[in-house]
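Understanding the architecture of this molecule
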Amino acid sequence: MLKGKKIVLGVTASIAAYKAVFLLRLLQKAGAEVKVVTTPSVEKFVGELSFSALTKGNVFSDLWNEGWSEHVGLGTWADLLLVVPATANTLAKFAHGLCDNALTAVYLAAPCPVMVAPAMDADMYVHPRTQANLEILQKDGVHVLPVGDGFLASGLQGPGRLMEAEDILTAVQTFFGEKPLAGTGLLLTAGPTREAIDPVRYITNHSTGKMGYALAEEAARLGAEVTIVSGPTQLELPKNIYRIDVQSAQEMYEAVHQNLQDKDVVIMTAAVADYTPLEVSHQKIKKAEGDLNIPLKRTRDILKSVGAIKKSEQILVGFALETHNELDNAKKKLQSKNLDFVVLNSMKDAGAGFGHDTNKLTLLFRDEEQMSFPLKSKKELAKDILQQVIRLRKQKNNT
Ligand code: CTP
């Protein structure tokens, strides 16, 4: 519940502005006190009366006519400035400190936290300027919500659709410390595996486990009971997370199946070796003349094995790291491993993937919905991924 929380809802001139009216009602029903700030052209999409009727007159739309000091007072009053929808233009102004209207002035003067839900055409969203502006905002501490991917008002298809109002409400509730995963058993895999060749050598990969560990920490913060089956990493975790350390793909397989019982959500981020030496030499292999061949055999696909026995109320999430045909390959994994959604990392993006603290992800769902996120910290992405887990949990509990 948002009882006692004060929210300034910033609305900008997007075709999705009508959804802000719906969100305003949801926030009020959840107990929040809401005041609205609009940019001048919002009037072209939704009449000010809609907002003023619902907020009993608490709308600030003209920097010059309504007491200029409002722009300072609102940010000080609010516990959160929530901008829905946020157009490319307003995001650009926020990123560069322009303040030529009521909302941009409130933003620049606001000491409170800020959350934005972008909405725009696909071409505008993927434009390098918009992406750079979103990165600036993230660095400034703004919570940038993901966009939906699909048909847009312009008739184009791609990323840029406003997040659904119910999901924005969940994001706000989570932000205010609600524990939407309380009572949820969550099993994670993380890190690389090590496949022994002999007592001193092994086959592994570049995974550091950062994404999986960020998910574990965030899920625990949201109230989940977290078990993590982890390959070798240098990372540490809070004590309220149950950690099982493993080395090989086979050990990870066994640990997952031993701990699967009663888990509501399973997220597999581990970079599991697909092949392991056919035989492990018990003595160190000594060098000799000529080349050395080490025969390899396939390991078991842990995620697929869990997908095969998944119960309808369980949520199963997999990761896909692709270098080419990314979307098609990720979609195949979604189907073949019986996942609720797949998290696609592209190796093409600078700052994304192994070892980085940031990542750039796309989520693909069974109903063909897609969600794209700008380059963000793995901690922020963990929140976004878990937000979708929360949404699917609610959906499954209601059916
Ligand atoms: N995975 C697993 N067990 C394996 C291999 C992968 O649980 N033996 C899981 C990973 O944790 C991740 C997803 O499956 O969630 C990745 O799947 P996939 O891309 O199929 O693994 P790759 O080995 O990269 O497959 P491919 O070579 O086909 O790209």
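Rules and cut-offs
- Residues numbered from 1 in each chain as written.
- Predicted model: local features only at pLDDT ≥ 70, side-chain atom pairs only at ≥ 80, totals over all residues.
- Heavy atoms only, no water.
- Patch = residues over 30% accessible without salt bridge, like charges linked within 9 Å, V, L, I, M, F, W, Y side chains within 5 Å.
- Areas by Shrake-Rupley, 256 points an atom, 1.4 Å probe, with all protein chains shown as cover.
- Salt bridge = Lys/Arg side-chain N within 4 Å of Asp/Glu carboxyl O.
- Helix = DSSP H or I, 4+ residues; strand = E, 2+ residues; numbered from the N terminus.
- Buried < 20%, exposed > 50% of the residue type's maximum accessible area, 1.4 Å probe, protein only.
- 1 Å grid on protein atoms, 1.4 Å probe; cavity = no way out; pocket = protein on both sides within 12 Å on 5 of 7 lines; lining within 4 Å.
- Points joined across faces, edges and corners; volume = space filled by probe spheres on them.
- Contact = heavy atoms within 4.5 Å.
- Pairing = 2+ DSSP bridges.
- Domains from an automatic or database assignment.
- Polar contact = N/O pair within 3.5 Å; in protein donor to acceptor, adjacent residues only side chain to side chain.

1. Observations regarding a nonpolar patch on the surface
- Nonpolar side chains collect at one region of the surface, where Tyr275, Leu292, Ile294 and Leu296 lie side by side and expose about 380 Å² of accessible area between them.
- As for its placement among the helices and strands, Ile294 is situated in the loop between strand 15 (275-277) and strand 16 (296-298).
- By relative accessible area, Ile294 is classed as partly exposed at 33%.

2. Digging into empty space enclosed by the protein
- The tally for this structure, following the rule as stated, stands at 1 cavity of 30 Å³ or more.
- The wall of the largest cavity is formed by Leu260, Val266, Val306, Lys310, Gln314, Ile315 and Leu316.

3. Quick look at the side chain of Ser372
- Along the chain, Ser372 falls in strand 21 (residues 370-372).
- For Ser372, a relative accessible area of 11% corresponds to the buried category.
- Leaving out residues up to four positions away in the same chain, Ser372 has contacts with Tyr125, Pro146, Val147, Asp149, Pro159, Leu361 and Thr362.

4. Remarks on the pairing of strand 5 (residues 114-118)
- Burial analysis of strand 5 places 5 of its 5 residues in the buried class, which makes it a mostly covered element.
- On strand 5, burial covers both faces: Val114, Val116 and Pro118 on one face and Met115 and Ala117 on the other are all buried.
- Looking at chain direction, strand 4 (residues 80-86) and strand 5 are connected through 4 bridges and run parallel. Its bridge partner being in strand 5, Ala86 is matched across the sheet by Pro118.
- Two strands pair when backbone bridges link them, and strand 5 and strand 6 (residues 143-144) are joined in this way by 2 bridges, in the parallel orientation. For Val116, the partnering residue across the bridge sits in strand 6 and is Val144.

5. A few points about the domain arrangement of the chain
- Domain boundaries in the chain define domain 1 (6-175) and domain 2 (185-274 + 295-397).
- Relative placement of domain 1 and domain 2: their C-alpha centres are 32 Å apart.
- Between domain 1 and domain 2, the contact holds 18 residues from the first and 17 residues from the second.
- Counting the contacts that link domain 1 with domain 2 gives 2 salt bridges.
- For the salt bridge of Asp167 with Arg391, the shortest nitrogen-to-oxygen distance reads 3.6 Å.
- Scanning the region where domain 1 abuts domain 2 turns up 7 residue pairs in polar contact (both at pLDDT 80 or more).
- Those elements that provide at least two residues to the side of domain 1 that touches domain 2 are helix 7 (128-139), strand 6, strand 7 (147-151), strand 8 (157-161) and helix 8 (165-175).

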